[in-house]
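So the chains spell out like this:
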Number of protein chains: 4
Amino acid sequence: LPADAAMRAAPDFLATGAVVIDLSAAFRLLDPQVYARWYKEEHVSAQLLPEAVYGLVEHERERIRTARLIANPGCYPTSALLPLLPFVKAGVLESGPVIVDSKSGVSGMGRKVAPESTFMEINENFRAYGVGTHRHTPEIAQELAKQAGNDVPLVFTPHLLPLTRGILSTIYIRTALDVGACNSLLADAYRDEPFVLAGDGVLPETAKVSGTNLCHCSAFPTNAPGTVVLISAIDNLVKGAAGQAVQNLNTRFGFPETAALV
Amino acid sequence: LPADAAMRAAPDFLATGAVVIDLSAAFRLLDPQVYARWYKEEHVSAQLLPEAVYGLVEHERERIRTARLIANPGCYPTSALLPLLPFVKAGVLESGPVIVDSKSGVSGMGRKVAPESTFMEINENFRAYGVGTHRHTPEIAQELAKQAGNDVPLVFTPHLLPLTRGILSTIYIRTALDVGACNSLLADAYRDEPFVLAGDGVLPETAKVSGTNLCHCSAFPTNAPGTVVLISAIDNLVKGAAGQAVQNLNTRFGFPETAALV
Amino acid sequence: LPADAAMRAAPDFLATGAVVIDLSAAFRLLDPQVYARWYKEEHVSAQLLPEAVYGLVEHERERIRTARLIANPGCYPTSALLPLLPFVKAGVLESGPVIVDSKSGVSGMGRKVAPESTFMEINENFRAYGVGTHRHTPEIAQELAKQAGNDVPLVFTPHLLPLTRGILSTIYIRTALDVGACNSLLADAYRDEPFVLAGDGVLPETAKVSGTNLCHCSAFPTNAPGTVVLISAIDNLVKGAAGQAVQNLNTRFGFPETAALV
Amino acid sequence: LPADAAMRAAPDFLATGAVVIDLSAAFRLLDPQVYARWYKEEHVSAQLLPEAVYGLVEHERERIRTARLIANPGCYPTSALLPLLPFVKAGVLESGPVIVDSKSGVSGMGRKVAPESTFMEINENFRAYGVGTHRHTPEIAQELAKQAGNDVPLVFTPHLLPLTRGILSTIYIRTALDVGACNSLLADAYRDEPFVLAGDGVLPETAKVSGTNLCHCSAFPTNAPGTVVLISAIDNLVKGAAGQAVQNLNTRFGFPETAALV
C-alpha cells in the first residue's frame, strides 16, 4: 500500500485487533504537520501517530515487542541510521551537518512505468534526484533528533544507480574520535546483532549484501582532520523493506529474530 | 604513458624543442615531496616542476598559451575543480572541509585486467574505493590552495559505477550564499566558456555529457543552512582525459579552442 | 514518423517536388496486401509502392540515384540482408529455410514508455519476442525473393539484449560451399563498399561497430556438413537507421557516399 | 575441480566407497577419443567411462539411483537437451540439422580474470564465441544420438550476454508436428517433473528462472513450414550447475528430489 492508502486503512485493521506492520511511510513521521509538508496531504489518522513505533529493530527492539502499530523504516533511512545512531547516542558528533550521500538501485522506484524508469534513461547513466526534497530527509532527521535529544542538521542526497538492487550510503560526520575509535564504537553497538556487520574496516559493497537482511557498515579515514566517513550497504528490497518487516514481525511475536531471514 | 614513464621521458622530448602535454600525473603536483608520498617513488625530473602548467584551460588559459610543459588534469580533479574554483576565487567558502563524493565509470581504471575489473565483480555492484588514499586527493587540494591562497581541508571519496563512461561528483560546501547566488556565481564564471555549462539549476547526468568535452555543473539547496550541494558531470574519457588534452593543444598553438572537439 | 503517418504524408511531400527518404516501414513492402496483413491497416498510398526503392545502398545503388521515394531499410533486415544477399545472388543456397536469429539492444524499441521497456524488466534479463510475428519478417523475405527470383523460406527470431545499441544476427544457411569460399564470396561482394567489412573470419561484436555506419559480417564453420553460420553486427541507430538514411541521401544527391558518416 | 583434475581425482574418491557427482566435464563424454579431441588431453580414467551416468535427472533418473559416478551435465547441454529430448524420443524430428543458438550470462565463464572477462569488454557488447568449437557440442550430440539411436546433425553457437546469470537457448527443429502438438509433447513429457515447466506457449525469460532450479521451455511457430522454434531458459548457476548437482544427490540417495532446491 502507498502511504496515503495505508494511512486510511490502518485504523480498520487495528480495530480488528490485528497488529499492523506498515511498509509505507504513513506512520514513520511522528508530527502530522511534518507529514503534511513532505507528503503534500493532511494525515487523516494522526491520532495513531503517538503510538506508532519506528521499526528499526536494532534501536527499538523493546518498544516493538508490545507495539500495535509498527512503521517499517524507509530504505534510505535504514542505510543512514544504522551507521549514524551509535555516534548520536554516544554524543560524539561535533557541530556541523551530517552529510548522507546515498546511491540506490532502480528497484527503489518500485515498478513505476515512466520515462525516467525506462532502460534507455537509466542504463549507462548516473544522476542525483530529489536533491533537498526527498521525503526520507525528515525521517532520517527525526530519528537522529530523537536519539540526540536535539536537532541534528542533515544533508541528504539520493542518486540513482544503473543496477537493480542495493543502497550504498557514504556519510560524512564531524567527530573528535579517530577511525579506530569509530570502528570500535560501531562494533560494540552491533556486536550481538544478527543483521548488522559493523566496524570491520572493510569497504562495504552492495553485491556482498544482495539478497540478505544484512547491513554492512564501517568507518574510514579522510584527509580532513575531524571528519570521518561512514559507509553502509544494504539490499533495499530486504533490510530496506520486506526483510526488515519480517524482522519486525519476528520481534513482535516472539519468533527467533532471524526466522525465515537466513 | 604512466606517470613514472612520463616523468622519465619528458626531459628528452623537451630537449628536442617539443611542447609536452602530459596526460599522466607526472607533472601535476608541484611539490616533489608530495609526489613521492602519494606515488611511492622519488620524482626524477623535479627540476621541471616549477615550469609545469596545470592544464585546466578555463583557469590557466594565459599560462598555457606559452607553456613548454602542460600537465593535463586528472579526471576526478576536473570534475571537482570546475564547480569549486569559482567559489574559492570569490572567497565565499566558509571554514570547514570541502567534501567531494565522486562516482566514476569503469573506464577510469583503463583496460586493467584484474579480479576487480571483471564484469562479475562490477555488474550489479557499487562500492567506494581508495577512501582517504586516492592519488587525486593532493591534486585537488593543491589547486584549491593555489587559488585560495591557503590550504582548504578536503575530503575526497571515489566510487565505482557499473557503467563504462562518466564521472558525477557531488560536492558539499559551506557558504553564506544562497543557491541562487551560487548559480549566478557559476554562470558568470563560465559564461564565455565553450565547454562548461554551469549554474542552470538542472541536475547533471553522466549520459547527457557522454562523448562530449562538456562539464555540466550546478548548485542545489540542502536542508542544512549554510551548506550547498554542487553537482558536476563529465565524460572521464573526454573532458577528463583526451578531450581536455586536445583543448590544451588548441590553446597552446592558437587553434580555435573547440577545434576537433565539437 | 511511424509507418501509418509516413504513408499518409509522403504524397504531399512528393507533390512539392521533394525527394522522400522514409525511415518508417511505409514503403518497404511492395505488395499492399502484405503490408495490410503485417501492419494491420490498409495501405492508403499504395499507388506509390511501384516506384519506391528499397534503400539498401550496397544492393540498390543505381536505382537510388534517380529515385523519388526511398524506403530506408529496417534495422533487422539490414543486419540480415547484407550477409545473405551475396549468397542469394550467387545462387549457392541449398533448399531449406534460412534461419535468422537476431539480438537487438533496447534502442530498437525507441523511447517507448511501457512495462516492458523499464529498466527493471530488461536489466539482467534476456528473452525473445515477436517470435513468428515480427514485422521485419516479410521485409527480409521480400528482398531475398527479389534477388533469388523465387521465395526463400525464412525463419526470423528477434531477441532483446540488456544494452542500449547494437544488433547481432546469427544466420544459418545451407550451402555446398565451405567456409573459406563463403568468406571469399562475402569479401568479393563488398570489397569496394565503404560501410561493409565482410569475410575476414573475425567474430563480429556489437561494440566494435557502435557509433559507426559499418556492418561487419563473416562466415564461420559448423559441425553439421552443409550448414554455415553467418554473423553480422551493426549499430541499429546508425547503419540500422539514421546513418543509412544519410548514406541514401548522399547517394541520391551525388555527395560522397561517406559524407558526414566517417 | 576442472575436468583434468576431476579425471585424476575420481578413482581415489571412488576407491573409498564414495559416490562421485562430478560437476566437471571429465565423465560426460563416453568415448575417450572424443574427449581427447575436444579437451586436448588423453583421458587418464577412461576405464570409468562405461559406468558414468549422465546426470540429467529427468531422462536418467533410474540409472542415477544406483550410480557410483554421476556426470553432472554442462549448462548449455542442459538448456538444449531438456527441450530437445522429448522430440528425439518420440521420433518426430525430420532430417536436417538441429540448430541450437544459445546465449549465456558471464558467470558461465566462472571467475576467470582475462581481457575478455573485464567489464570494459562485456558491458554494452554482444558477441558469439567458440563458434564450431565449443566443448559442449559433442556432449549435446552424444545425448541426442543416445536417445535417437543414430547421429543427429547438430549446430551449436554460444554467445555472451552482458548480464551475470542465465542461459536462453533458441532451438530450430524440423518436424511435421504443428506448434500445438509440439507443446503437447513437451507438456506430456514433463508433466510430473518438479523442475521443468514446459509447453505452455509463454516466452521464456532468463530473469523468470533466475535463482531457481527450473527450466522453462516451450515451442513457437515460424514462417517456414516444417520448422518449429523451441526456446528454453535456465539459471546456469543452478539448473545448469550446482542446483542440478543437488538434484542428482537427492535422487541418488533417496531424498525428496526437491530437497534444498525450493
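Residues numbered from 1 in each chain as written. Chains lettered and ligands numbered in written order. Predicted model: local features only at pLDDT ≥ 70, side-chain atom pairs only at ≥ 80, totals over all residues. Heavy atoms only, no water.

1. Let's talk about the overall build of chain A
Just so we agree on the cut-off: Helix and strand definitions here come from DSSP, where helices need a minimum of 4 consecutive H or I residues and strands a minimum of 2 consecutive E residues; each element is numbered from the N-terminal end. Between buried and exposed lies partly exposed: a residue is buried under 20% and exposed over 50% of the maximum accessible area for its type, with that area taken using a 1.4 Å probe on protein chains only. Contact between two residues is taken to exist if any of their heavy atoms lie within 4.5 Å; hydrogens are not considered.
When helices and strands are tallied, chain A shows nine helices and 10 strands. Counting only C-alpha atoms, chain A reaches 55 × 45 × 35 Å along its principal axes. When burial is assessed residue by residue, chain A has 61% of its 262 residues classed as buried. Counting contacts in chain A only where the partners sit at least 6 residues apart, residues at least 24 apart contribute 68% of the total.

2. Considerations on the relation of the copies chain D and chain C
Heads up, the rule is: Alignment of copies: least-squares fit on C-alpha atoms of residues with pLDDT of at least 70 in both copies.
Aligned on chain C, chain D shows an RMSD of 0.0 Å; the corresponding rotation is 180° and the shift along the axis is 0.0 Å. The superposition operator between the copies reduces to a two-fold rotation axis. For chain D, the residue whose C-alpha comes nearest the rotation axis is P162 of chain D, separated from it by 3.4 Å. With an isologous cut-off of 70% or more, the 100% of interface residues of chain D that recur at the interface of chain C puts this contact in the isologous class.

3. Quick word on the environment of K208 of chain B
Topologically, K208 of chain B is positioned in helix α8 (residues 206-209). Taking the C-alpha atoms as reference points, K208 of chain B and I234 of chain B, 26 residues apart in sequence, are found 8.8 Å from one another.

4. Some words on the sheet that holds strand β5 (residues 127-128) of chain C
Residue and element names in this part refer to chain C. Let me state the cut-off plainly: Two strands qualify as a pair provided that DSSP identifies no fewer than 2 bridges between them. Structural elements are reduced to axes, namely lines fitted to C-alpha atoms, with helices fitted over the stretch in contact, and the angle between N-to-C directions of any two is expressed from 0 to 180 degrees.
Judged by pairing direction, the sheet is mixed, and its seven strands sit side by side in the order β5-β6-β4-β7-β10-β9-β8 without closing on themselves. Of all the strands in the sheet, the pair left with one neighbour each is β5 and β8 (196-198). In this sheet, strand β6 (residues 154-160) lies alongside β5 in antiparallel orientation, the contact comprising two bridges. Bridge assignment links R127 to a residue of β6, and that residue is L160. Contacts between helix α7 (residues 179-189) and the sheet are confined to β8, β9 (215-220) and β10 (227-234), with β9 contributing the most and set at about 155° to the helix.

5. Examining the interface of chain B and chain A
What counts here: Reported buried area values correspond to the accessible surface (1.4 Å probe) lost by two parts on association, with both partners' losses combined. Whenever Lys or Arg places a side-chain nitrogen within 4 Å of a carboxyl oxygen from Asp or Glu, that contact is recorded as a salt bridge.
Counting from both sides, the interface comprises 42 residues of chain B and, opposite them, 42 residues of chain A. When residues of chain B are sorted by the area they lose upon contact with chain A, E124, F126 and N223 of chain B head the list and together hold 18% of the total. There are two salt bridges connecting chain B and chain A. One salt bridge connects K103 of chain A with D101 of chain B, and the closest N-O pair in it is separated by 3.1 Å.

6. What to know about empty space enclosed by the protein
So the rule is basically this: Cavities and pockets are found on a 1 Å grid laid over the protein atoms alone: a cavity is a set of points where a 1.4 Å probe fits but cannot escape, a pocket is an open set with protein on both sides within 12 Å along at least five of seven lines, and a lining residue has an atom within 4 Å of such a point. Grid points are joined across faces, edges and corners, and a volume is the space filled by probe spheres set on the points. Any residue outside Ala, Val, Leu, Ile, Met, Phe, Trp, Tyr, Cys, Pro, Asp, Glu, Lys and Arg is labelled polar, Gly included; the first ten of those are nonpolar and the last four are charged.
Under the counting rule described, the total for this entry stands at five cavities of 30 Å³ or more. Put simply, the largest cavity is a space of about 140 Å³. Surrounding the largest cavity, 16 residues form its lining, N123 of chain A, N123 of chain B, N123 of chain C together with N123 and P162 of chain D being those nearest its centre. Along the lines of polarity and charge, the residues of the lining of the largest cavity split into eight nonpolar, four polar and four charged.

7. Digging into the interface of chain D and chain C
Stated formally: Counted as a polar contact is a pair of N or O atoms within 3.5 Å, where, for protein atoms, one must be capable of donating a hydrogen and the other of accepting one, and residues adjacent in sequence contribute only when both atoms are in side chains.
Facing 42 residues of chain D, the contacting portion of chain C comprises 42 residues. Note on chain D versus chain C: buried area summed over both sides is about 3,300 Å², and carbon and sulfur give 63% of it. Three residues stand out in chain D for area buried against chain C, namely E124, F126 and N223 of chain D, and they jointly supply 18% of the buried area on that side. Summed over the shared surface of chain D and chain C, the number is two salt bridges. Our count for the contact surface shared by chain D and chain C stands at 20 residue pairs in polar contact (both at pLDDT 80 or more). Of all elements in the fold, only β4 (98-104), β5 (127-128), β6 (154-160), β7 (167-174), α8 (206-209) and β10 (227-234) of chain D reach the threshold of two or more residues within the side of chain D that touches chain C. Residues of the side of chain D that touches chain C, tallied by class, amount to 24 nonpolar, 11 polar and seven charged.

8. Some words on the pairing of strand β4 (residues 98-104) of chain C
All names here are of chain C. The buried count for β4 comes to seven of seven residues, which makes it a mostly enclosed element. Along β4, one buried face is formed by V98, V100, S102 and S104 and the opposite face, lined by I99, D101 and K103, is buried too. Across seven bridges, the pairing between β4 and β6 is parallel. Directly across from V98, in β6, lies its bridge partner L154. Pairing geometry for β4 and strand β7 (residues 167-174), over six bridges, is antiparallel. When the bridges of β7 are listed, S102 appears paired with S169.

9. A word on helix α2 (residues 32-39) of chain C
Residue and element names in this part refer to chain C. When α2 is considered as a whole, its buried residues turn out to be V34, Y35, A36, W38 and Y39. Buried residues in α2 make contact with α1 (3-15) and α6 (136-148). Measuring from the backbone nitrogen of Q33 back to the side-chain oxygen at the start of α2 gives 2.8 Å, which picks out D31 as the cap. Backbone geometry just after α2 places K40 at a positive phi near 55°.

10. Focus: the pattern of salt bridges
Pairing of side chains with opposite charge becomes possible as their charged atoms draw close. Residue and element names in this part refer to chain B. Tallied over the entire structure, the rule returns 68 salt bridges over all chains. One salt bridge in this structure joins R65 and E62, with 3.3 Å as the shortest N-O distance. Pair noted here: R65 and E62 are both in helix α3 (residues 57-65), with a separation of three residues, about one helical turn. Since its relative accessible area comes to 38%, R65 is described here as partly exposed.

11. Concerning a nonpolar patch on the surface
Rules: Residues forming no salt bridge and having over 30% relative accessible area are the ones grouped into patches, like charges within 9 Å of each other and nonpolar side chains (Val, Leu, Ile, Met, Phe, Trp, Tyr) within 5 Å. Computed with a 1.4 Å probe, the accessible areas rest on the Shrake-Rupley method; for each residue, only the protein chains presented here act as cover.
Together, L249, F253 and F255 of chain A make up a nonpolar patch on the protein surface, roughly 280 Å² of accessible area in all. The partly exposed category is assigned to F253 of chain A, whose relative accessible area is 43%.

12. Considering helix α6 (residues 136-148) of chain B
All names here are of chain B. This is how it is decided: By definition here, a helix of n residues has an expected span of 1.5 Å times n minus one.
Compared with an ideal rise of 1.5 Å per residue, which puts 13 residues at 18 Å, α6 spans 18 Å between its outermost C-alpha atoms and is within 8% of the ideal. Restricting attention to buried positions, one finds in α6 the residues H136, T137, P138, E139, I140, Q142, E143, L144 and A145. For α6, the elements touching its buried residues are α2 (32-39), β2 (53-54), α3, α4 (75-90) and β6 (154-160).

13. Thoughts on the packing of helix α3 (residues 57-64) of chain A against helix α9 (residues 238-253) of chain A
Residues and elements named next belong to chain A. Here is the rule: A clockwise turn of the near helix away from the far one marks a right-handed crossing, whereas an anticlockwise turn of less than a right angle marks a left-handed crossing.
Where α3 meets α9, the axes come as close as 10 Å, and the angle between the chain directions of the two elements is 35°. The handedness of the crossing between α3 and α9 comes out as right-handed. Here α3 contributes V57, E58, R61 and I64 to the contact with α9, which in turn contributes K239, Q247, N248, T251 and R252. Here the contact of α3 with α9 is composed, by residue class, of two nonpolar, three polar and four charged.

14. Section: the packing of aromatic side chains
Defined as follows: Ring geometry is summarised as follows: Phe, Tyr and Trp rings, the Trp one being its six-membered ring, pair when their centres sit within 6.5 Å, and such pairs are stacked at plane angles under 30 degrees, edge-to-face over 60 and tilted between the two.
In this structure the tally under the stated criterion is 14 aromatic pairs over all chains. Measuring from ring centre to ring centre gives 5.1 Å for Y76 of chain B and F156 of chain B, while their planes differ by 70°; the resulting arrangement is edge-to-face. One end of the pair, Y76 of chain B, is in helix α4; the other, F156 of chain B, is in strand β6, and 80 residues separate them in sequence. Comparing Y76 of chain B with F156 of chain B shows no difference in burial state: the two are buried. Summarising the aromatic geometry, the rings of F119 of chain B and F119 of chain D are spaced 5.7 Å apart at their centres and angled 15° between planes, so their arrangement reads as stacked. Here F119 of chain B, found in helix α5 (residues 119-122), pairs with F119 of chain D, found in helix α5 (residues 119-122), and the two come from separate chains. Neither residue differs from the other here; F119 of chain B and F119 of chain D are each classed as buried.

15. A few points about unusual backbone geometry
Not every positive phi belongs to a glycine, and E124 of chain B is a case in point at roughly 55°. Exposure remark for E124 of chain B: the relative accessible area of 17% places this residue in the buried category. One non-glycine residue, A260 of chain C, adopts positive backbone phi at about 70°. Mapped onto the secondary structure, A260 of chain C falls in the segment after α9 (238-253).

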